[in-house]
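Structural overview
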Amino acid sequence: LALVNDLRAALASGGQLELHYQTQHRLDSGELVGMEALLRWRHPQHGMISPGDFIPLAERHGMMSALGNWVVERAAAQLANWRLAGMPAVPVWVNISAIQLIQGDLESRLAACLSQHQLPASMLGLELTESVLLDERAGDIYPRMAALRALGHQIAIDDFGTGYSSLSYLKRLPVDKLKLDRAFVSALPDDPADASIVSAVLAMARGLDLEVIAEGVETEAQRQFLLQHGCPLVQGFLFSRPLPAAEVEAHQLGEP
Ligand code: G
Ligand code: G
Ligand code: MN
Ligand code: NA
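Residues numbered from 1 in each chain as written. Chains lettered and ligands numbered in written order. Predicted model: local features only at pLDDT ≥ 70, side-chain atom pairs only at ≥ 80, totals over all residues.

As recorded by an unreviewed UniProt entry, the chain carries the name GGDEF domain-containing protein and is attributed to Halomonas salipaludis.

Printed below as a string of structure tokens:
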């Protein structure tokens, strides 16, 4: 319970929360194509706490909506700073939780942040997990996804392949990208089952005109496999860990 109160205080002040950014690349050329914003909590006593631990806490105690809003606002502010600093203008992707869709004012929140920081919606991508897409409390989210895309946001399905969704939904979902979950990537290229699944997903996505980004790519052998099977995009420790904004900036602007 102490931790809940700490989180409430952290959210109120914003001081202990940070976004880290992990770069995304074109697999063949290595070109930077985007960044994922990942939430971090630097607790004064417990050190860095993973979102895997405090996001469930925030959800249970009614703080997830405020936390999600903080992430969107922070990412937009960072994008504006980077634009001034002359950083490559690539989209930043934020993770959207079910509660942000259920609550219903996500669209106006996004619009307010973008207009405040004078950014086009195309610079802020939205990652939704399969479980978010299937959350009944959010109602029919297809029209809302379509509306978000009409505003200019790109949408990616996060952790693709780990949910219970049927493949038929891919045909009608208004999305731009599939993020292939790292569970399928980690045992490549040796595990024959994962190799089959990954090559099948890549072939299917091509047919459906969806761009795939492979997550959790850590080794050159994994990169080679993905390259040979036509995976266009990649994110993983092989290229970069999630880093504080200042470090990403130093890398991209070519520190001596
Ligand atoms: O970065 P890390 O591997 O610790 O993230 C753990 C989990 O927390 C991942 O599933 C990631 O998607 C999720 N996560 C990270 N940042 C955010 C965020 O800002 N919002 C939401 N809803 N989830 C996040
Ligand atoms: O659920 P989501 O895909 O949003 O979670 C992203 C998380 O995956 C981040 O917290 C990040 O720390 C982690 N991650 C990113 N790249 C790698 C990787 O190459 N290997 C492993 N093991 N984890 C990764
Ligand atoms: Mn994600
Ligand atoms: Na993921």
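The structure having been displayed, the exposition proceeds.
Bridging between strand β1 (residues 17-26) and strand β2 (residues 32-43) involves nine bridges; their strand directions are antiparallel. Paired with Q22 across the two strands is E36, which belongs to β2. The turn linking β1 back onto β2 is made up of five residues, and G30 within it adopts a positive phi angle of 80°. Looking at chain direction, β2 and strand β4 (residues 92-95) are connected through two bridges and run parallel. Residue pairing in the sheet places M35 in a bridge with V92 of β4. Two strands pair when backbone bridges link them, and β2 and strand β3 (residues 47-49) are joined in this way by three bridges, in the antiparallel orientation. Each bridged residue has a counterpart across the sheet, and for H43 the counterpart in β3 is G47. Following β2, the chain reverses through three residues before pairing antiparallel with β3. (Pairing = 2+ DSSP bridges. Helix = DSSP H or I, 4+ residues; strand = E, 2+ residues; numbered from the N terminus.)

Turning to unusual backbone geometry, a few remarks are in order. In this structure, P189 follows L188 across a cis peptide bond, with omega equal to 0°. Of note, the phi angle at Q118 is positive, near 55°, even though the residue is not glycine. Examined against the element boundaries, Q118 turns out to sit in the loop between α5 (106-116) and β5 (124-129). What makes Q118 exposed here is the crowd of 10 C-beta atoms within 10 Å. Positive phi, normally seen in glycine, also occurs at D209, with a value near 65°. Along the polypeptide, D209 turns up in the loop between α10 (192-208) and β8 (211-214). (Buried ≥ 20, exposed ≤ 12 C-beta atoms within 10 Å, placed from the backbone.)

Next up on the list: the site of ligand 2. By nearness alone, 13 residues border ligand 2, and L38, G216, E218, G236 and F237 come closest of all. In the shell around ligand 2, the residues fall into four nonpolar, four polar and five charged. (Near = placed C-beta within 6 Å. Nonpolar A, V, L, I, M, F, W, Y, C, P; charged D, E, K, R; others polar.)

Moving on, we come to the environment of L57. Tracing the chain through its elements places L57 in helix α2 (residues 51-60). You can call L57 partly exposed: it has 16 C-beta atoms within 10 Å. Leave out the neighbours within four places in its chain, and L57 touches L3, V4 and L7. (Contact = placed C-beta atoms within 7 Å.)

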